[in-house]
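# Examining the three-dimensional arrangement
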Amino acid sequence: MTERLAFERSGFGLSFASRRIPVVLAFGMAALSAACGTVGSLAPTQNIAVVDKANPDSQVNIASLSNVIKANPRDPVAYNTRGAAYARQGQYANAIRDFSQAVALDANYAAAYTNRALAYRQTGKDDAALGDFTQAITADPRYAPAYVGRANLLRARGDTNQALADLSRAVAINPEAAETFHARGLVYQRLGQHQNAIRDFDAAIDRNPFVAAPYTARGQSLIEVGRYDKAVEDFNASLNVDNQNADAWAARGVALERQSKTREALESYQRALSIAQDNAVARDGVSRLSRGARLL
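Residues numbered from 1 in each chain as written. Predicted model: local features only at pLDDT ≥ 70, side-chain atom pairs only at ≥ 80, totals over all residues. Heavy atoms only, no water.

## Regarding the overall build of the protein chain
- When its secondary structure is counted, the protein chain shows 14 helices and 2 strands.
- Scored against the burial criterion, the 296 residues of the protein chain give a buried share of 54%.
- Across the protein chain, every contact between residues at least 6 apart in sequence was considered, and the portion connecting residues at least 24 apart equals 54%.
- Entry remark: accessible area of the protein chain is about 12400 Å², with carbon and sulfur atoms responsible for 46%. (Helix = DSSP H or I, 4+ residues; strand = E, 2+ residues; numbered from the N terminus. Buried < 20%, exposed > 50% of the residue type's maximum accessible area, 1.4 Å probe, protein only. Contact = heavy atoms within 4.5 Å. Areas by Shrake-Rupley, 256 points an atom, 1.4 Å probe, with all protein chains shown as cover.)

Put into structure tokens, the structure is as follows:
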């Protein structure tokens, strides 16, 4: 059966997809300690997948796909396609049921296993997700999205060695996938290997300069190696893509504060809090600068 890939690109979050086009997935950014451990976590909430409940065409699409299944009840692609549509609407139980039917009809359907793994992750069933990512790799050892998906789950669990191995395998399979370099950069961040992380974020940005996440992530690593001016440039680039990212505003405040630009830093922290009142980095920054203190 021809290659049927699971996801389409949507920033560096995930969007369940059903078209037969070569793409690679990526999850949200991992936690990263701020400079000298005094700033707290610069981590955004992990975005496992993109859900598009606002699209009025989605329900029509699901109805049409149901008609396709009635006409082709033994077609695994039809079930995977409808499962992807359900998942994009946040209907994960229905999505899992369709992905399960797809793999029942085709036990080597790597994309359907990977889609089901993503749906399991959305419902907090990480053990089941890990099993499905592994099953996808067993079914097709050259299916890069499954390696990236498993690596992101392993990173969240702290298994950085296996995550790096999976991501390096994915890079070897598809060296042009920006998402894979971004995901590997996040593992290097977790390990404190910021120069390696920066190189991978460079590669991600070279391959797709129109996504905010790798700029934010690279900026965080640049803070860690003391390149504060370059970090501010990256946060500005990230915010040009998505100016509602509280974590990017907060991290920008850290970089500015490190350069003793306290007024601009305070403005960045305040902007972050206007978006997310519970942002700890921004809250601590405002408190610190308001009492005349500064980062060490």
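Now that the structure has been shown, we can carry on.
## Looking at the pattern of salt bridges
- Following the criterion strictly, the structure yields 12 salt bridges and no others.
- Among the salt bridges present, the one from Arg207 reaches Glu176, with a minimum N-O distance of 3.8 Å. Placement of the pair is Arg207 in helix H9 (residues 194-207) and Glu176 in the loop between helix H7 (160-173) and helix H8 (178-190), with a sequence separation of 31 residues.
- Overall, Glu176 belongs to the exposed group, its relative accessible area being 55%.
- When the shortest N-O distance is used, the salt bridge between Asp200 and Arg184 registers 2.6 Å. Of this pair, Asp200 sits in helix H9 while Arg184 sits in helix H8, and the two are 16 residues apart along the sequence.
- Using a relative accessible area of 5% as the deciding quantity, one classes Asp200 as buried. (Salt bridge = Lys/Arg side-chain N within 4 Å of Asp/Glu carboxyl O.)

## What to know about the packing of helix H6 (residues 144-157) against H8
- Where H6 contacts H8, the axes come no closer than 10 Å and their chain directions differ by 20 degrees. In terms of orientation, H6 lies roughly parallel with respect to H8. Judged by the twist between their axes, the crossing of H6 over H8 is left-handed. On H8, the residues touching Val148, Asn152 and Arg155 of H6 are Thr180, Ala183, Leu186, Val187 and Arg190.
- Residue classes in the contact of H6 with H8 are distributed as 4 nonpolar, 2 polar and 2 charged. (Axes fitted to C-alpha atoms, helices over the stretch in contact; angles between N-to-C directions. Parallel < 35°, antiparallel > 145°, perpendicular 65-115°, else oblique. Left-handed = near helix turned anticlockwise from the far one by under 90°. Nonpolar A, V, L, I, M, F, W, Y, C, P; charged D, E, K, R; others polar.)

## Remarks on the confidence of the model for the protein chain
- For the protein chain, the average pLDDT comes to 86, and 79% of its residues sit at 70 or higher.
- This stretch, residues 19-40, has a pLDDT under 50; its non-local contacts, to residues over four places away or in other chains, come to 89 contacts. (pLDDT = per-residue confidence, 0-100.)

## Overview of the nonpolar core
- In terms of nonpolar packing, the biggest core is built from 32 residues, with Tyr109 and Leu167 touching the most fellow members.
- Of all elements in the fold, only helix H2 (76-88), helix H3 (92-105), helix H4 (110-122), helix H5 (126-139), H6, H7, H8 and H9 reach the threshold of two or more residues within this core.
- It is H6 that contributes the most residues to this core, 6 residues altogether.
- If you look at the next biggest cluster of nonpolar residues, it comprises 23 residues, including Ile223, Trp249, Ala282 and Leu295. (Core = buried A, V, L, I, M, F, W, Y, C linked by side-chain atoms within 4.5 Å.)

## Describing H5
- Between the first and last C-alpha of H5 there are 20 Å, a value that for 14 residues agrees with the 20 Å anticipated at 1.5 Å per step.
- Within H5, the full set of buried residues consists of Ala129, Asp132, Phe133, Ala136, Ile137 and Ala139. Down the axis of H5, the sector holding all buried residues measures 165 degrees, keeping them to one side. Every exposed residue of H5 that faces more than 90 degrees away from the buried side is listed here: Asp127 and Thr138. (Expected span 1.5 Å × (residues − 1). Arc of directions from axis to C-beta.)

## Details of the side chain of Arg82
- Mapped onto the elements, Arg82 comes out in helix H2.
- Among the polar contacts made by the side chain of Arg82, one reaches the side chain of Asp98 at a distance of 2.6 Å.
- With residues near it in sequence (within four places) discarded, Arg82 still touches Ile62, Leu65, Ser66, Ile69 and Asp98. (Polar contact = N/O pair within 3.5 Å; in protein donor to acceptor, adjacent residues only side chain to side chain.)

## Notes on H4
- Between the first and last C-alpha of H4 there are 19 Å, a value that for 13 residues agrees with the 18 Å anticipated at 1.5 Å per step.
- Those residues of H4 that fall on the buried side of the exposure criterion are Ala110, Ala111, Ala112, Tyr113, Thr114, Asn115, Arg116, Ala117, Leu118, Ala119, Tyr120 and Arg121.
- Just beyond H4, the residue with positive phi is Gly124, at close to 80 degrees.

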